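This is what each chain is made of:
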Amino acid sequence: MEPEELGAVAGVSTDEAEPGPFPGIVDILGTGGGLLEYRASLLAGKGFAVMALAYYNYEDLPKTMDILHLEYFEEAVNYLLSHPEVKGPGIGLLGISKGGELCLSMASFLKGITAAVIINGSVANVGGTLHYKDESLPPVGVNRNRIKVTKDGYADIVDILNSPLEGPDQKSFIPVERAESTFLFLVGQDDHNWKSEFYANEACKRLQAHGRRKPQIICYAGAGHYIEPPYFPLCRASLHVLVGSPVIFGGEPRAHAMAQVDAWKQLQTFFHKHLGGQEGTIPAKL
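Residues numbered from 1 in each chain as written. Predicted model: local features only at pLDDT ≥ 70, side-chain atom pairs only at ≥ 80, totals over all residues. Heavy atoms only, no water.

1. Focus on the overall build of the protein chain
Thought 1: The number of helices and strands found in the protein chain is six helices and 14 strands.
Thought 2: Taking all 286 residues of the protein chain together, the buried fraction comes to 52%.
Thought 3: Considering only intrachain contacts with a sequence separation of at least 6, the fraction spanning at least 24 residues in the protein chain is 73%.
Thought 4: When the accessible area of the protein chain is evaluated, it comes to approximately 12,700 Å², of which 51% is carbon and sulfur surface.
Thought 5: Here the protein chain carries 24 positive and 33 negative side-chain charges, and the mean point of each set is 8 Å from the other. (Helix = DSSP H or I, 4+ residues; strand = E, 2+ residues; numbered from the N terminus. Buried < 20%, exposed > 50% of the residue type's maximum accessible area, 1.4 Å probe, protein only. Contact = heavy atoms within 4.5 Å. Areas by Shrake-Rupley, 256 points an atom, 1.4 Å probe, with all protein chains shown as cover. Lys, Arg positive; Asp, Glu negative; His and termini not counted. Charge placed at Lys NZ, Arg CZ, Asp CG, Glu CD.)

Structure follows, in structure tokens:
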């Protein structure tokens, strides 16, 4: 896909009130698909040049996640690096849920990535096969018999995925030891989508075992899966595309709200530290 075409599926947001270039970030969301730019737009007001990247179920992109090619994401990285409003030499990645998992894969296989923030992401490839050049990562196994049902009638899928540390499912483990970037893992300890704290800790172990820099892990007690920007409502349960039914995502309202406020500050501080730039808020025009 040419850069001109890429622009049709990704919005690059900056705030023209301040002179650039700015630290660049690719922003990737979860399994809902489509192009969502709210988080990228908010970050653009904090001194970053942000690309909100769709990867399926949008315009001419694939309709499912059964097969994804990392070359597509590589083009996004290269496009952002070459953008006149982006300062190098590397960029940042911000991903939540499936997007966090994809950011881990991007940091592991691709060049030009300096810092990555993973919000409740998996360290195993989930939902479909990921290809890059002559390599591929199969999806981790699923056992739907492990689904529980809450008293409200929602599915609890926290145990549905196989462990990426055992048997053939080890092939789904993202090779994070190849990554040259710095990582920040933001974890909700009441995440019922999957075992985010376990995944963050396993990524940390793998990185350190191969002599890589120890990632920063921040855990939030009582926070659920969708740690959004501050003051977004708690998504405690909703339809899950891969499951095909409403599932519970966890989270206690007060604790989750506090986690969202802190996580927003933490990720900005992390990106400013590792990507450079002027820390602080660009004044609103209104």
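Picking up after the structure, the text goes on.
2. Notes on the side chain of Lys98
Thought 1: As for its placement among the helices and strands, Lys98 is situated in helix 4 (residues 98-109).
Thought 2: On the basis of relative accessibility, which here comes to 3%, the residue Lys98 falls in the buried class.
Thought 3: At 2.5 Å, the side chain of Lys98 and the backbone oxygen of Val126 are in polar contact.
Thought 4: Apart from residues lying up to four places away in sequence, Lys98 is in contact with Leu29, Gly30, Thr31, Tyr55, Met65, Leu68, Asn125, Val126 and Trp194. (Polar contact = N/O pair within 3.5 Å; in protein donor to acceptor, adjacent residues only side chain to side chain.)

3. Re the pattern of salt bridges
Thought 1: The final tally for this structure, using the stated rule, is eight salt bridges.
Thought 2: With a closest N to O distance of 2.7 Å, Glu101 and Lys98 form a salt bridge. On the criterion of helical spacing, the pair formed by Glu101 and Lys98 is a turn pair, its members being three residues apart in helix 4. Here Glu101 and Lys98 have matching classes, each one buried.
Thought 3: The partner of Asp159 in a salt bridge is Lys148, and the shortest N-O contact between them spans 2.6 Å. In this pair, Asp159 sits in the loop between strand 10 (155-156) and strand 11 (182-188) while Lys148 sits in strand 9 (residues 148-149), placing the two residues eleven residues apart along the sequence. (Salt bridge = Lys/Arg side-chain N within 4 Å of Asp/Glu carboxyl O.)

4. Some details on helix 6 (residues 253-275)
Thought 1: Taking 1.5 Å of rise per residue, the 23 residues of helix 6 would be expected to cover 33 Å, and the 33 Å separating its terminal C-alpha atoms lies within 8% of that figure.
Thought 2: Those residues of helix 6 that fall on the buried side of the exposure criterion are Ala255, His256, Ala259, Gln260, Ala263, Trp264, Leu267, Gln268, Phe270, Phe271, His272 and Leu275.
Thought 3: Contact partners of the buried residues in helix 6: strand 2 (22-28), helix 2 (38-44), strand 5 (86-96), strand 6 (113-119), strand 11 and strand 12 (216-220).
Thought 4: Phi for Gly276, located one or two positions after helix 6, is positive at around 80°. (Expected span 1.5 Å × (residues − 1).)

5. Side note on unusual backbone geometry
Thought 1: A cis amide bond links Gly88 to the next residue, Pro89, at an omega of 5°.
Thought 2: Note that Pro89 resides in strand 5.
Thought 3: Even without being a glycine, Ser97 presents a positive backbone phi close to 60°.
Thought 4: For Ser97, the location among the structural elements is in the loop between strand 5 and helix 4.
Thought 5: Looking at Ser97, the relative accessible area reads 4%, which means it is buried.
Thought 6: Unusually for a residue other than glycine, Lys133 sits at a positive phi of about 55°.
Thought 7: Checked against the element boundaries, Lys133 lands in the loop between strand 7 (129-132) and strand 8 (135-137).

6. Examining the packing of helix 3 (residues 70-82) against helix 4
Thought 1: Running from amino to carboxyl end, helix 3 crosses helix 4 at an angle of 80°, the nearest separation of the two axes being 11 Å. Classed by the angle they form, the pair helix 3 and helix 4 counts as roughly perpendicular. Across the interface between the two elements, Leu70, Phe73 and Val77 of helix 3 pack against Leu102, Ser105, Met106 and Phe109 of helix 4.
Thought 2: Residues of the contact of helix 3 with helix 4, tallied by class, amount to six nonpolar, one polar and no charged. (Axes fitted to C-alpha atoms, helices over the stretch in contact; angles between N-to-C directions. Parallel < 35°, antiparallel > 145°, perpendicular 65-115°, else oblique. Nonpolar A, V, L, I, M, F, W, Y, C, P; charged D, E, K, R; others polar.)

7. Considerations on the confidence of the model for the protein chain
Thought 1: Scored by pLDDT, the protein chain comes out at a mean of 91, with 90% of its residues at no less than 70.
Thought 2: Counting interchain partners and residues more than four positions distant, the pLDDT-below-50 stretch residues 1-11 has 32 contacts.
Thought 3: Low confidence marks residues 280-286, where pLDDT is under 50. Its contacts with residues over four positions away, or in another chain, come to twelve contacts. (pLDDT = per-residue confidence, 0-100.)

8. Quick word on the pairing of strand 2
Thought 1: Judged by how many residues are buried, strand 2 sits mostly within the fold: seven of seven residues are covered.
Thought 2: Pairing analysis gives six bridges linking strand 2 to strand 5, with the strands arranged parallel. Looking across to strand 5, one finds that Val26 is bridged to Leu93.
Thought 3: As paired strands, strand 2 and strand 3 (residues 49-53) are joined by four bridges and run parallel to one another. Bridge assignment links Asp27 to a residue of strand 3, and that residue is Ala52.
Thought 4: In the classification by handedness, the crossover that spans strand 2, the intervening helix 2 and the parallel strand 3 is right-handed. (Pairing = 2+ DSSP bridges. Right-handed = clockwise from strand over helix to strand, strands pointing away.)

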